[in-house]
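# An overview of the molecular structure
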Amino acid sequence: MSEIDQRDGINRRKVLECMTWCGTGVLWTIAGGVPHSLGIMGEAQAAESRGLTFLQISDSHVGFDKPANPNALGTLEEAIAKVNALPQKPAFMIHTGDISHLSKEKEFDDADHIISQSRLDVHYVPGEHDLIDADQGKIYRDRYGKAAKGAGWYSFDANGVHFIGLVNVVDLKAGGLGNLGNEQLEWLEADVKSRSASTPIVLFAHIPLWTVAQDWGWGTQDGAQALSYLKKFGSVTVLNGHIHQVMQKVEGNVTFHTARSTAFPQPAPGTAPSPGPMKVPDDQLRKMLGIANVTFKQNEQRLAIIDSPLQG
Amino acid sequence: MLRPIIACSVLGAVVGSLLAGSVLFARAEGAPNTVTIDNFFFTPATTTVKAGTTVTWTNKDDIPHGIGSANNAFPKSKALDTDDSYSFTFSAPGTYQYFCYLHPKMVGTIVVEQ
């Protein structure tokens with residue numbers, strides 16, 4: 001993603017390059033409605049102050065200590081150090097879930113301690129790992145979801161962009177994929193109904209809203225229903241995590257993008273017997289973890305997204 | 001020409017069924033009431049037990065899993081971290097479909113016989 005053509009958007013080669021990546025973060029630029037992936041962090045500076053820049057991190061899995069990464073808290077700290085080293089401070093951060101590995105108070109404490117060092121407002125959505133305490137998500141909701149609806153969904157506006165955080169990890173059905181559920185879908189329909197079609201929309205949730213790998217459950221059962229409410233909008237960007245690797249797809253007015261984990265990589269679909277944590281040589285790990293930076297620029301068609309690995 | 005072939009096939013079939021018999025016997029003697037979670041699969045996918053048997057699931061993955069049943073036919077487990085187990089005693093005969101409530105693509109069946 002180091003070559004960016006901001007006039008033509010992302011060509012097939014860049015998308016493929018993007019898909020081979022697995023790592024640290026994504027820098028997003030919202031320009032006139034459609035998100036745009038810029039490349040590595042250094043280039044994000046070039047996008048600079050012409051619009052809104054925010055950051056996405058995902059899948060911190062604080063508490064994970066298995067061979068794929070015995071120190072997930074350490075790599076989260078490296079990711080936040082990378083955020084702090086950005087020449088231009090992002091407006092805020094979104095975290096697309098799996099903050100913790102096992103929903104323990106201490107894991108959330110440790111995550112909060114590190115993430116707060118960014119001194120950024122953080123907008124969270126939960127991953128399935130964040131809702132497995134005895135009370136099925138009470139710890140998460142008390143910490144991050146006080147102002148949210150239902151299991152933790154909400155929306156907010158920044159610089160004319162409408163952000164929507166969705167929860168697709170609750171009440172999963174046997175044999176199925178991620179699930180939004182009727183109550184949330186109705187809320188979403190009402191939330192966007194009165195907004196003008198020129199409002200750029202950024203939708204974020206843990207599990208990909210489009211089907212990345214059916215066999216591995218990497219998709220959302222009623223994701224298409226959610227997207228049907230957004231047809232009138234010229235620019236829709238969907239940011240997800242869960243799959244611990246960068247993937248991007250553009251379909252009509254919608255750009256889909258997944259961010260790297262800060263904890264451990266997962267295999268590309270079809271390349272391993274299961275989607276579980278992938279053990280890579282130690283010197284490769286930080287090339288497969290990362291963060292994402294996103295910039296919105298007025299009067300441009302796309303958000304610029306820069307995925308940058310912790311290393312390399 | 002034909003006779004040795006037939007003899008061989010008959011012998012093969014006999015040996016085959018003996019082997020099959022011993023495998024079945026070994027499974028019956030072993031632990032037919034345990035389900036292993038490995039690589040995001042329940043193994044075996046279908047477990048058949050007599051009523052009153054306690055079935056135990058053990059997670060061998062580096063990722064937590066959770067046991068939930070269709071229509072809440074039996075209580076769901078707490079999230080199982082690596083090497084954690086969950087047990088439930090099936091007293092009523094029937095077919096119980098279950099799945100991982102964190103990764104619902106993972107499904108299995110317990111058949112409880114009289």
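Everything below is about the structure printed above this text.
What you are looking at is a predicted structure, and each value in this text was computed from that prediction instead of being measured.

Reading the values: rules and limits
Residues numbered from 1 in each chain as written. Chains lettered and ligands numbered in written order. Predicted model: local features only at pLDDT ≥ 70, side-chain atom pairs only at ≥ 80, totals over all residues. Helix = DSSP H or I, 4+ residues; strand = E, 2+ residues; numbered from the N terminus. Buried ≥ 20, exposed ≤ 12 C-beta atoms within 10 Å, placed from the backbone. Contact = placed C-beta atoms within 7 Å. Pairing = 2+ DSSP bridges. Axes fitted to C-alpha atoms, helices over the stretch in contact; angles between N-to-C directions. Core = buried A, V, L, I, M, F, W, Y, C linked by C-beta atoms within 7 Å. Expected span 1.5 Å × (residues − 1). Arc of directions from axis to C-beta.

## Some points on the overall build of chain A
Along its length, chain A carries eight helices and 13 strands. Taking all 312 residues of chain A together, 57% fall into the buried category. Sequence-distant contacts in chain A: of pairs separated by 6 or more residues, those separated by 24 or more amount to 75%.

## Details of the sheet that holds strand S7 (residues 94–100) of chain B
Residue and element names in this part refer to chain B. Across the sheet, which stays open at both edges, the four strands sit in the order S3-S8-S7-S5 with mixed pairing between neighbours. Every other strand in the sheet has two partners, leaving strand S3 (46–50) and strand S5 (67–69) as the edge strands with one partner each. For this sheet the average axis-to-axis angle between neighbouring strands, irrespective of direction, equals 30 degrees.

## Some thoughts on the sheet that holds strand S1 (residues 34–38) of chain B
All names here are of chain B. Taking strand neighbours across the sheet as the criterion, the four strands line up as S2-S1-S4-S6 in an open arrangement whose pairing is mixed. Looking at strand neighbours, the two that pair on one side only are strand S2 (41–43) and strand S6 (85–90), the edges of this open sheet. Each adjacent strand pair in this sheet contributes to an overall mean axis angle of 20 degrees, direction not counted. In this structure, strand S4 (residues 53–59) lies alongside S6, joined through six bridges in antiparallel fashion. Across the sheet, the residue bridging to Thr-53 is Phe-90, located in S6.

## So, the nonpolar core
Residue and element names in this part refer to chain A. Formed by 95 residues in total, the largest nonpolar core has its most connected members in Leu-76, Leu-166, Val-167, Leu-203 and Ala-205. With six residues, the single largest contributor to this core is helix H3 (residues 72–84). When sequence neighbours within four positions are dropped, the list of residues in contact with Leu-203 reads Ile-164, Leu-166, Leu-209, Val-236 and Val-238.

## Observations concerning the pairing of strand S6 (residues 154–158) of chain A
Residue and element names in this part refer to chain A. Taken together, the five bridges between S6 and strand S7 (residues 161–165) define a ladder with antiparallel strand orientation. By the bridge assignment for S7, Ala-158 is matched with Val-161. Two successive antiparallel strands, S6 and S7, enclose a turn made up of two residues, where Asn-159 displays a positive phi of approximately 50 degrees.

## As for helix H6 (residues 182–193) of chain A
Residues and elements named next belong to chain A. Helix length check: H6 (12 residues) gives 16 Å between terminal C-alpha atoms against 16 Å at 1.5 Å per residue, within 8%. Along H6, the residues that are buried comprise Gln-184, Leu-188 and Val-192. Projected down its long axis, H6 shows its buried positions confined to an angular sector of 55 degrees, all on one face. With respect to the buried face of H6, the exposed residues turned more than 90 degrees away are Asn-182, Glu-186, Ala-190 and Lys-193. Against the buried residues of H6 lie S7 and helix H7 (223–228).

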